[in-house]
Amino acid sequence: MLNLERLRILHAISTYGSVSAAADVLHVTTSAVSQQMGKLERETGQTLLAKNGRGVRLTDAGRLLSGHAGRILSLVELAHSDLEAHRGAAVGELRMGAFPTAVRGLFPQALAATRRDHPKLRAMVHEMEPQDALARLVRGDIDLAVVLDWYNKPLSLPGGLAKEPLLDDIADVVVPEGHPLSGRAEVDLGELADDDWIAWPDGGFCHEWLLFTLRGKGVEPRIAHHAEEHPTVLALVAAGLGVAVVPRLGRGPLPAGVRAIRVRHTMKRHIYAVWRSDADRRPAIRAAVEALRRAGEDVAAAEG
């Protein structure tokens, strides 16, 4: 009998390219991965991994079995979905991951609705960045992710995932009161070329988007500070320490000393619910997506 978890490890090595990468996404040690692969080789009587410089590569047998492993894992997911669909009700546990402003701006309403309409469904959300949420979704740690991309910088989705749009979230420029542009109803990003900027943390998707967008407007941004949460960014702006781009979802009321100005070429984040295609028939997935979609509609109407 082939062990399902060992097949999952083999498939992760094939997908992510190395033992260490597979260990990272599966949240285990590299030695644990190596031990499980040794057991799988003994079970199959085949050499599945071969040394390749300082790393490893899949042998022909390893690639063959990894292909079967992907289909087996997909069938297991499909079996779970069919069993839940057969019951015809959203029940059991649903694990979701979402970036912080989505958790704040969408999930209170959506979770309250699922608890009211589907009392036997235990839905829970964990804050995480979009790239992390997608990785955890692919490996099965969570069942549904809420992620984003920007109007001019799409987020690449791995294969085997389905998605549904929830909301287009407009982003404004925020400046301190007394800024030369603070009385304007609309600005172009190029007009802020000489300002200090408060940016998202280094290396994140939104930070890279900000640099890409500003440089596209001929602005080489002078990053003075990095902050992730809206209240922190707005507090820094209120203190006169820079300007920032802040989306509206989860932003809340602006503090004293801050002005939000619409950008002439509207900047939008596209926000999606994403799940594994094999789980498409799960009533729990459909219930959560519908609740999130309604929450998105309410947010858009309030901002409108």
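Here the structure is shown first, and the text comes after it.
Residues numbered from 1 in each chain as written. Predicted model: local features only at pLDDT ≥ 70, side-chain atom pairs only at ≥ 80, totals over all residues. Heavy atoms only, no water.

Re the environment of V245
Going by this rule: Only DSSP runs of H or I covering at least 4 residues are called helices, and only runs of E covering at least 2 are called strands; the numbering of each starts at the N terminus. When a residue's accessible area, from a 1.4 Å probe over protein chains only, is under 20% of the maximum for its type it is buried; when over 50% it is exposed; and in between it is partly exposed. Whether two residues are in contact is decided by their heavy atoms: any pair within 4.5 Å suffices.
Mapped onto the elements of the fold, V245 is located in strand 10 (residues 244–247). By relative accessible area, which is 5% here, V245 ends up buried. In the structure, V245 is positioned 203 residues away from R42 in sequence and 56 Å away in space, judged by C-alpha atoms. Sequence-distant contacts of V245, defined by excluding residues within four places in its chain, comprise A171, D172, V173, W197, W200, W209, L210 and M267.

Digging into the layout of surface pockets
Rule in force here: A cavity here means a set of 1 Å grid points, computed over protein atoms only, where a 1.4 Å probe fits but cannot escape. A pocket is an open set with protein on both sides within 12 Å along at least 5 of 7 lines, and lining residues have an atom within 4 Å of a point. Grid points are joined across faces, edges and corners, and a volume is the space filled by probe spheres set on the points. Residues are sorted three ways: Asp, Glu, Lys and Arg are charged, Ala, Val, Leu, Ile, Met, Phe, Trp, Tyr, Cys and Pro are nonpolar, and all the rest, Gly among them, are polar.
The space that makes up the largest pocket amounts to roughly 630 Å³. In terms of lining residues, the largest pocket is bounded by 25 residues, among which R8, L73, V138, R139 and R276 are the most central. Within the residue set of the lining of the largest pocket, elements represented by two or more residues are helix 1 (4–16), helix 2 (19–26), helix 4 (60–87) and helix 7 (130–139). With six residues, helix 4 is the single largest residue contributor to the lining of the largest pocket. Class assignment for the residues of the lining of the largest pocket results in eight nonpolar, nine polar and eight charged. By volume, the second largest pocket is sized at about 250 Å³. Along the wall of the second largest pocket there are 17 residues; nearest its centre are P100, E129, W200, C206 and E228. Secondary-structure elements contributing two or more residues to the lining of the second largest pocket are helix 5 (100–105), helix 7 and helix 8 (205–216). With three residues, helix 8 is the single largest residue contributor to the lining of the second largest pocket. When the residues that make up the lining of the second largest pocket are grouped by side-chain class, the tally is eight nonpolar, five polar and four charged.

Let's talk about helix 10 (residues 283–303)
Our working definition: Here the expected length of a helix is defined as 1.5 Å per residue gap, with one fewer gap than residues.
Counted at 1.5 Å a residue, the expected span for helix 10 with its 21 residues is 30 Å, and the 30 Å between its end C-alpha atoms agrees. Of the positions making up helix 10, those classed as buried are P283, A284, I285, A287, A288, V289, A291, L292, A295, G296 and V299.

A closer look at the packing of helix 1 against helix 3 (residues 30–44)
For the record, the criterion: Convention adopted: a line fitted to C-alpha atoms gives each axis, helices being fitted over their contacting stretch, and angles between N-to-C directions are expressed from 0 to 180 degrees. An angle below 35 degrees is read as roughly parallel, one above 145 as roughly antiparallel, one from 65 to 115 as roughly perpendicular, and any other as oblique. Two helices that cross are described as forming a left-handed crossing if the nearer one is turned anticlockwise from the farther one by less than a right angle, and a right-handed crossing if clockwise.
It is the contact of helix 1 with helix 3, at a shortest axis distance of 9 Å, that shows an interaxial angle of 110°. On the basis of the axis angle, helix 1 is roughly perpendicular to helix 3. Note that helix 1 runs across helix 3; the crossing there is left-handed. Of the residues in helix 3, those touching helix 1 at R6, L7, I9, L10 and I13 are V33, Q36, M37, K39, L40 and E43.

Remarks on the nonpolar core
The condition is simple: Buried Ala, Val, Leu, Ile, Met, Phe, Trp, Tyr and Cys residues form a nonpolar core when they are joined through side-chain atoms within 4.5 Å.
Ranked by internal contacts, the top residues of the largest apolar core, which has 65 residues, are L106, L144, V146, V245 and I271. Look past the residues within four positions of V146 in its chain and what remains in contact with it is G97, A98, F99, A102, F107, L166, I271, Y272 and L292. Judged by nonpolar contacts, the second largest core, of 18 residues, contains L26, M37, L40 and L58.

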